Amino acid sequence: MNINWSNAKFVTSFGKLSQLPPSDRPEICFSGRSNVGKSSLINKLLNRKSLARVSSVPGKTVTINFYELGDIYLADLPGYGYAKVSKSEKLGWSDLIGGYLADGRRQLALVVQLIDMRHAPSKDDIQMINYLIDNELPFIIALTKSDKLKKTEREARMKAFAHEIPCFEDITVVPFSAVTGEGTEELRALAEEAVRGFEAYEEDEDFPPPPDDIPEAEITAHTDENGFLIPRNR
Ligand SMILES: Nc1nc2c(ncn2[C@@H]2O[C@H](COP(=O)(O)OP(=O)(O)OP(=O)(O)O)[C@@H](O)[C@H]2O)c(=O)[nH]1
Ligand SMILES: [Mg+2]
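Residues numbered from 1 in each chain as written. Chains lettered and ligands numbered in written order. Predicted model: local features only at pLDDT ≥ 70, side-chain atom pairs only at ≥ 80, totals over all residues.

Draft legend 1. Inspection of the sheet that holds strand β3 (residues 64-69) at higher detail. Read from one edge of the open sheet, seven strands run β1-β3-β4-β2-β5-β6-β7, paired in mixed fashion. Each edge of the open sheet is held by one strand with a lone partner, namely β1 (8-14) and β7 (173-175). Within this sheet the neighbouring strands show an average axis-to-axis angle of 20 degrees, counted without direction. Both strand β2 (residues 27-31) and strand β4 (residues 72-76) contribute to a ladder of four bridges, which runs parallel. Pairing of I28 across the sheet is with L74, part of β4. Sheet strands in contact with helix α3 (residues 123-134) are β2, β5 (108-116) and β6 (139-144), and its direction is about 160 degrees off that of β5. (Pairing = 2+ DSSP bridges. Helix = DSSP H or I, 4+ residues; strand = E, 2+ residues; numbered from the N terminus. Axes fitted to C-alpha atoms, helices over the stretch in contact; angles between N-to-C directions. Contact = placed C-beta atoms within 7 Å.)

Dropping the structure here:
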């Protein structure tokens, strides 16, 4: 599927897991700590200056914000790990993020996990990545704010990430900057590929047909007098 990236609309925000409706289309979500640049990255992908609110104060996005992009949704998840919020607020956020990711009614085609390229990943970042790996969710990593690093700093960080991030060699990693636009086209292409792969997988699930679709005559032809199935090679 080719996505028309200039055709986005804000749909709605959810602050509580119980409000979240099932999804009727593939979704791509953006996860990362507060202030890492999720909203800025989404705006860049969508060719918009401020469709997703960019925060001057970290920890602003405390809701899941949905954007419609033709036949898919983008979901901007609340940023985690901001120190200056109350414990109950933190719990609410992790509930919301965890609940969203574990929601079997979502058609999650891709998680874009954002990590600030200037720093070692936080404990929360590592926990997120381990969660994505353990639950076999399709994900890539965008290393944000790449414009803020000099070439040598960048090389040093890339070497360090290889040790700091679990399974680093197996993960697709895209350096990204909302300022220079680096990584924008690559992320768009990866998103399109993920949605295509997701749709092909969904179609594949119906093939071969589930047992209910097998005509009755065919089933009885392969059962013995007690009604047990007989393997075909007998
Ligand atoms: N230099 C530079 N600054 C960036 C980049 N991306 C985001 N910023 C800045 O970082 C700050 C946070 O950006 P946001 O996009 O609001 O981050 P967020 O992850 O959505 O933050 P929350 O909604 O609070 O979780 C803002 O001041 C942005 O201008 C980037 O690629 N380069
Ligand atoms: Mg935000």
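Draft legend 2. Representation of helix α1 (residues 38-45) within the structure. Burial runs high along α1: eight of the eight residues are buried. Buried residues of α1: K38, S39, S40, L41, I42, N43, K44 and L45, and no others. In the stretch just after α1, N47 is the one whose phi turns positive, near 60 degrees. (Buried ≥ 20, exposed ≤ 12 C-beta atoms within 10 Å, placed from the backbone.)

Draft legend 3. Structural detail: the pairing of β6. Within β6, five of the six residues are buried, which leaves it mostly tucked inside the rest of the structure. In this structure, β5 lies alongside β6, joined through six bridges in parallel fashion. Bridging from a neighbouring strand, V111 pairs with F139 of β6. One crossover worth recording links β5 to the parallel β6 by way of α3, and it is right-handed. Sheet topology note: the β6/β7 ladder contains three bridges and is parallel. Note that in β7 the partner of L143 across the bridge is P175. Considered for its hand, the β-α-β crossover made up of β6, helix α4 (residues 151-164) and β7 is right-handed. (Right-handed = clockwise from strand over helix to strand, strands pointing away.)

Draft legend 4. Inspection of the nonpolar core at higher detail. Core analysis: the largest hydrophobic core is formed by 46 residues, its most contacted members being I28, L41, L110 and A142. Ranked by residues supplied to this core, first place goes to β5 with seven residues. (Core = buried A, V, L, I, M, F, W, Y, C linked by C-beta atoms within 7 Å.)

Draft legend 5. Layout of α3. Between its terminal C-alpha atoms α3 stretches 16 Å, which fits the 16 Å expected from 12 residues at 1.5 Å a residue. Within the span of α3, buried status applies to D125, M128, I129 and L132. Buried residues of α3 fall within an arc of 95 degrees about the axis and therefore sit on the same side. Seen from the buried face of α3, the exposed residues on the opposite side, beyond 90 degrees, are K123, N130 and D134. Of the surrounding secondary structure, the elements contacted by the buried residues of α3 are β2, β5 and β6. Where α3 terminates, the next one or two residues include E136, which has phi positive at roughly 55 degrees. (Expected span 1.5 Å × (residues − 1). Arc of directions from axis to C-beta.)

Draft legend 6. Representation of the confidence of the model for the protein. A residue-level look at the protein finds 78% of positions with pLDDT of 70 or above and a mean pLDDT of 83. The model gives residues 214-224 a pLDDT under 50, and that stretch makes nine contacts with residues more than four places away or in other chains. Segment residues 227-234: pLDDT under 50, and seven contacts once partners within four positions in sequence are set aside and those in other chains are kept. (pLDDT = per-residue confidence, 0-100.)

Draft legend 7. Summary view of the pairing of β4. In terms of burial, β4 is largely enclosed, as five of its five residues are buried. On β4, burial covers both faces: I72, L74 and D76 on one face and Y73 and A75 on the other are all buried. Pairing of β3 with β4, which is carried by five bridges, proceeds in the antiparallel orientation. Counterpart to F66 in the pairing with β4 is A75. Where β3 hands over to β4, the hairpin turn is made up of two residues, of which G70 adopts a positive phi near 60 degrees.

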